[in-house]
Amino acid sequence: MSDRRAPFQHLSAITYEQLLEKVRYEGAYPTRERAEEAVRLVLAGLGRQLTGDERVELAARLPHEAARTLSAQIPDVQPLTGFDFVRDLADRTGATVATTRWDTGSVLCAVAALAGPDLLTRILHQLPSGYALLFGSAELTPAA
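Here the structure is a predicted model, which is why all the values come from computation and not from measurement.

> What's the story with the overall build of the protein chain in this structure? I'm lost.
Each helix and strand in the protein chain was counted, giving seven helices and zero strands. Secondary structure elements of the protein chain occur, N-terminal to C-terminal, as α-α-α-α-α-α-α. Among the 144 residues that make up the protein chain, the fraction classed as buried is 41%. Sequence separation of at least 24 residues holds for 68% of the intrachain contacts in the protein chain that already meet a minimum separation of 6. Summing over all exposed atoms, the protein chain offers an accessible surface of approximately 8000 Å²; the carbon and sulfur share of this is 56%.

> Got a minute to help me understand the packing of helix H3 (residues 52–61) against helix H4 (residues 64–71) in this structure?
The description of two packed helices rests on the angle between their axes and on the distance between the axes. Where H3 contacts H4, the axes come no closer than 7 Å and their chain directions differ by 155 degrees. Relative to H4, H3 is oriented roughly antiparallel. Taking contact as the criterion, the partners of Arg55, Leu58 and Ala59 in H3 are, on H4, Ala67, Leu70 and Ser71. In terms of residue class, the contact of H3 with H4 is built from four nonpolar, one polar and one charged.

> Looking at this structure, how should I read the pattern of salt bridges?
Pairing between side chains of opposite charge can happen when their charged atoms approach one another. Taken as a whole and assessed by the stated rule, the structure comprises nine salt bridges. The salt bridge involving Arg87 is made with Asp84; its shortest N-O contact spans 2.3 Å. Residue Arg87 and its partner Asp84 are both found in helix H5 (residues 82–93); the two are separated by three residues, about one turn of the helix. A residue is classified by how much of its surface remains accessible, and Arg87, at 37% relative accessible area, is partly exposed. For Arg92, the salt bridge identified is with Asp88, shortest N-O distance 2.8 Å. Taken together, the residues Arg92 and Asp88, both in helix H5 and four residues apart, mark about one turn of the helix. Three or more residues joined by partner-sharing salt bridges are found here, namely Glu54, Glu57, Arg61 and Arg122.

Conventions adopted
- Residue numbers restart at each chain and count upward from 1, following the sequence in its written direction.
- In view of the model being predicted, local features appear only for residues whose pLDDT reaches at least 70, and side-chain atom pairs are presented and counted only at 80 or more, with totals across whole chains, interfaces and linings using the full set of residues.
- Processing note: side-chain calculations cover all non-hydrogen atoms of the structure and skip hydrogens and water entirely.
- Here a strand is any run of E in DSSP of at least two residues, a helix any run of H or I of at least four, and the numbering for each starts at the N terminus.
- Categorising residues by exposure relies on relative accessible area from a 1.4 Å probe, with only protein chains included: less than 20% of the type maximum marks a residue as buried, more than 50% marks it as exposed, and the intermediate range marks it as partly exposed.
- Contacts are residue-level and defined by heavy atoms, with any inter-residue pair within 4.5 Å sufficient.
- Accessible areas in this description were obtained via Shrake-Rupley with a 1.4 Å probe; residue shielding takes into account the shown protein chains only.
- Fitted lines through C-alpha atoms serve as axes, helices being fitted only where they are in contact, and the angles separating the N-to-C directions of these axes extend from 0 to 180 degrees.
- Here is the rule for angles: anything less than 35 degrees is roughly parallel, anything more than 145 is roughly antiparallel, 65 through 115 is roughly perpendicular, and the remaining ranges are oblique.
- Residue polarity is assigned by list, with Asp, Glu, Lys and Arg as charged and Ala, Val, Leu, Ile, Met, Phe, Trp, Tyr, Cys and Pro as nonpolar; anything else, Gly included, falls into the polar class.
- Only one rule defines a salt bridge in this text: a Lys or Arg side-chain nitrogen within 4 Å of an Asp or Glu carboxyl oxygen.

Laid out in structure tokens, this is it:
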């Protein structure tokens, strides 16, 4: 007999420091602090987009500090497309869209690895178009 609540318990396989080092390496950031800025920015933005079980399950798979950043956000009423997501983050920080796109991809690729393929698929189905590439996946669309 399985407990349906089990997937929602904190399951992170890595520490926050390990997440920051992974993002620092993948994003080629010069310092841990710069990687942490990217992690906080992108996870806060993602927290404004995700709702429901996917949000709860993702938070359970992130290190505690990262989960707190994601979960502290109030979801937006109107979800943003992937491009609008990046543009919104750039507007919030004053960075260029190109730099913010790099930050977003660096963080979300690490998040995708922690989420695993099944949860990532469910997250991508919940979000508007344009997020798959940000998570390092192909955006597959049905043939016309």
